[in-house]
Amino acid sequence: MRQRPLIPVALFYVAGILLAAMPISLAPLFGLTFAAVLMALLWEKARRWLLCASLILAGWSNMAIHTAVISPIDLRNEFMRPEEIVTLRGMLAETPYHRVHEIKNIETWSSMARLQVSHAQRKGEDWIPAVGEVISSTKEFLPTNFFAGQTVEVSGVLRQARGPVAEGLFDYRNFLRRQEIYYQFEIKKVSDWQIVASPSRPPLADRFCAWARKSLALGLPDEDESLRLEWAMSLGWKAALTDEVEAPFMKSATFHIFAVDGLRVAIIGAILLGLVSLLGVPREWRGLAVMPFLLFYAAMTGWPASAIRAIVMIAVIFGGWALARPSDFINSLFAAALIILLWQPNQLFQAGFQLSFCVVLSIILISPFFKRVGEWILRTDPLRPESLQPWWEKILRGGLRGVVDLFLASLAAWLGSIPLVALYFHLFTPVSGPANLIAVPLCMLVLICNMTSLLFVSWLPWLAIIFNHAGWFFMECIRATSNWSANLPGAFFYVAMPGLFTIALYYFILIGALSGWFFRERWKWKVSVAGLMIFVWCGMLVKENATARVTVLPLNGGHAVYLAGWDDWLIDCGNEPSVDAVTTPFLEAQGVNRLAHFIITHGEIGYSGGAKDVLKEFRPRDIRISPIRFRSPEYREFTEQHSSMLDASLRPNLHIHPWTVPYPPPDTPFPKADDNCVVLLGNIQGTRLLLLSDLSHTGQNALLNSAREKLRADIVVAALPGEGEGEPLGDALLDAIHPAVIIIADSIQPAIKRAGEKLKVRLATRGAPVIYMSASDAVTVSSSFGHWRITAMDGQIISGTNNGASR
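In short, a report on the structure. (Residues numbered from 1 in each chain as written. Predicted model: local features only at pLDDT ≥ 70, side-chain atom pairs only at ≥ 80, totals over all residues. Heavy atoms only, no water.)

### Some words on the overall build of the protein
Counting its secondary structure elements, the protein contains 26 helices and 25 strands. Taken against the 2.2 N^0.38 rule, which gives 28 Å for 807 residues, the C-alpha radius of gyration of the protein at 30 Å falls within 12% of a compact globule. Referenced to the eigenvectors of the C-alpha coordinate spread, the extents of the protein come out at roughly 90 × 75 × 75 Å. For the protein, the proportion of its 807 residues judged to be buried stands at 47%. Within the protein, contacts between residues at least 6 apart in sequence are counted, and of these 70% link residues at least 24 apart. Here the protein displays about 40100 Å² of accessible surface, and carbon together with sulfur accounts for 63% of that area. In the protein, 70 positive and 67 negative side-chain charges are present, and the distance between their average locations comes to 8 Å. (Helix = DSSP H or I, 4+ residues; strand = E, 2+ residues; numbered from the N terminus. Rg over C-alpha atoms; globule rule 2.2 N^0.38 Å. Buried < 20%, exposed > 50% of the residue type's maximum accessible area, 1.4 Å probe, protein only. Contact = heavy atoms within 4.5 Å. Areas by Shrake-Rupley, 256 points an atom, 1.4 Å probe, with all protein chains shown as cover. Lys, Arg positive; Asp, Glu negative; His and termini not counted. Charge placed at Lys NZ, Arg CZ, Asp CG, Glu CD.)

Structure (structure tokens):
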């Protein structure tokens, strides 16, 4: 630690940032910090410990400053309701950026921007001063006359940022909160925007990027996907990266080439270092000569946090060169992390910071091992003099060395990123090494072509056109090879999110083994600790696998149920937008690569409209539907197209472990879909769970008449029937079920699928806890050894045994 003094400094400071989750007022926190620093100066014997305490308190205080409500006119004080219609006045903190969405091969655009609020006005009231930043979204393309630095007035719906609907989905509320943004501002149309005051011209970065996009398109016939991806890679243009375009790059682990991160900054820095070295600049001054260009590049791409992180890390290394200090990459890495966290402590919780730090640290620590592996692969006959080797063999060996070094570096980076990629993106990508072996050199060629084109476009346009075509070709190669890599067998797998203990164990074993730390002094103790951690991890895994989990997903008018286990089940899926936004991401987050069973209870579009997308993504081995024919055109088209895959066996008294089918009617079906829903009764490790879907009043009576004695359940899940079809869970049906907990799968939109006061009052008299999913979002039922526990996303927890419940 004496050779690397910044490691403990950074670690103590990070500990303070983590402690900031404990609520404490700023005044006593600042007082403690000041007292600790003062005592460290005066009390020499205890100085070391007091300095440690001072660092912890400094991190805690800095984080508290960035998260506490300090101003009396803070938006968090003024707007406490979930949502309000307001007009905001403030300055655009960034030029609005655009995203393109493709739905059924139709492109639609939306615009997003950060707005620094200065005043707010409720409808019919006066303007009031306000402080805070909101993220605005407009469902139209904002014209280019809106740009950063303008003062604008905008009318729309201000709402608190919403959290994830279900566990494992992207937490947009937390993502914004880590940027100190607490509200979303939704605007319907462009006419709701008004410019109050404006600078004479857009910012330099906007003008540069517009010029650069036009320059890079010079001589190319069309604005196609590859050109847009060039803009994304070189200029940080976000509109090109739609979900559909991103997918193959994510699955082949090559998406990082589009982030203005360490790799791209390092590539550009390497190119510039090569140029200044050709000019004969001394080594200690090369970094200082390159830094202004890197800062200009970061400024022109909008100062993304990932670029700032990379530039800070590079600046620390270049500073060591300039000061002629010996380089220690680990100490420099921790120094860069400390500088970044002093500037913005919330960076600690961002995926980009964690990936950058952990990947670079892993590469530094395990690179000696891979260096030895590379030397072993490229070893030559020690008895053969170099003078006897032909020239072509030397050239071939040099090229092979470059390929092996790049592959091993990609492998080290992949190993360092595995748990965090699984945590944030739910992916495991074995194809990463080979895919990046192709993508990274091609990325370098694209950047070289683009930089050269921008350099010569103003005075040698014909040369710029040549480089534009070359850059387009290399980007097309990246796109084609990434698609090919993503489609290889076993290229990627969806994995469940690992816990913090699993992540810590992985890095402990990876770094300890490959760095050789395990096998140095006191190796027995180190290996024993690793063995104990593995034993504890195995115990946690056994306990987790012994617990069955059923998750009910709200899907805007419908709902789906997923039973996790060795033999997993998906019951209904929602319509197409719900499958894209909720069902598919949720299943991926659970590590589902192929479904074992898929059940469709009835033909209503809110429950089965996205079934074909589920078949495409997860290829269920067993698909069961009701023998009753439904009139929904989408459902009929689905059943006709996939008739050979469907098993229409969901008849009364069918038992498919762990489910029993007590309904639909065995004879003549009712005329409406809600009357004919398949009802499922599950025995989930001793817990009886009844799924009623949106069974109507008529269907409930038919169910009672046919299976009254079989309906007793601990937990019942029911949705609201269609308009005019009555309420869910009539009193007679509730008497037969006698549930310990009632889950109503209602939704805010559409309004007819939202539980009304009459229903809430009636169910409140039953004496059983009731969870409304319009307020709670997804609900998970965990069952193990006769005990069950219900956890809702809004924090509600109900637990009990098969004989009762308790909150």
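Moving on, there is more to tell.
### Side note on the sheet that holds strand β12 (residues 569–571)
What the nine strands build is an open sheet, ordered β15-β14-β13-β12-β11-β10-β23-β24-β25; its pairing is mixed. Sheet topology places β15 (646–647) and β25 (797–801) at the edges, where each strand pairs with a single neighbour. As judged from the four bridges shared by strand β13 (residues 597–600) and strand β14 (residues 622–625), these two strands associate in the parallel manner. The residue of β14 that forms the bridge with I599 is R624. (Pairing = 2+ DSSP bridges.)

### Section: the nonpolar core
In this structure, W659 and I790 are the most contacted members of the largest nonpolar core, which totals 33 residues. Non-local contacts of W659, meaning those with residues more than four positions away in its chain, are made with L563, W569, I571, L654, L680, L681, G682, I684, L689 and L691. (Core = buried A, V, L, I, M, F, W, Y, C linked by side-chain atoms within 4.5 Å.)

### Digging into the pattern of salt bridges
Taken as a whole and assessed by the stated rule, the structure comprises 21 salt bridges. Residue D777 pairs with R162 through a salt bridge whose shortest N-O separation is 2.5 Å. Separated by 615 residues along the polypeptide, D777 in the loop between α26 (773–776) and β23 (779–784) and R162 in the loop between β5 (151–160) and α5 (172–177) bring together distant segments of the chain. Using a relative accessible area of 12% as the deciding quantity, one classes D777 as buried. Taking the relative accessible area as the measure of exposure, R162 reaches 45% and is therefore partly exposed. (Salt bridge = Lys/Arg side-chain N within 4 Å of Asp/Glu carboxyl O.)

### Focus on the side chain of S693
Mapped onto the fold, S693 is located in the loop between β19 (687–691) and α23 (697–707). A polar contact of 3.4 Å, which involves the side chain of S693, links it to the side chain of D694. (Polar contact = N/O pair within 3.5 Å; in protein donor to acceptor, adjacent residues only side chain to side chain.)

### Details of the sheet that holds strand β16 (residues 654–656)
Strands sit in the order β16-β17-β18-β19-β20-β21-β22 across an open sheet of seven strands; the sheet is mixed. Whereas interior strands pair on both sides, the edge strands pair on one side only; in this sheet they are β16 and β22 (770–772). The mean inter-strand angle of the sheet, taken between neighbouring strand axes irrespective of direction, is 20 degrees. As judged from the three bridges shared by β16 and strand β17 (residues 659–663), these two strands associate in the antiparallel manner. (Axes fitted to C-alpha atoms, helices over the stretch in contact; angles between N-to-C directions.)

### Description of the pairing of strand β11 (residues 559–564)
The element β11 is largely enclosed, with a buried count of five among its six residues. Summarising the sheet, β11 and β12 pair through three bridges and their orientation is antiparallel. Residue L563 lies in a different strand from β12, and its bridge partner there is W569. As consecutive antiparallel partners, β11 and β12 are separated by four residues.

### With respect to unusual backbone geometry
Geometrically, the link from H657 to P658 is a cis peptide bond, its omega value of 5 degrees lying close to zero. One can find P658 in the loop between β16 and β17. A positive phi angle, near 65 degrees, is found at D572, a position not held by glycine. Tracing the backbone through its elements, the reader meets D572 in the loop between β12 and α19 (576–589). Here the phi dihedral of S693 falls at roughly 50 degrees; this positive angle occurs in a residue that is not glycine.

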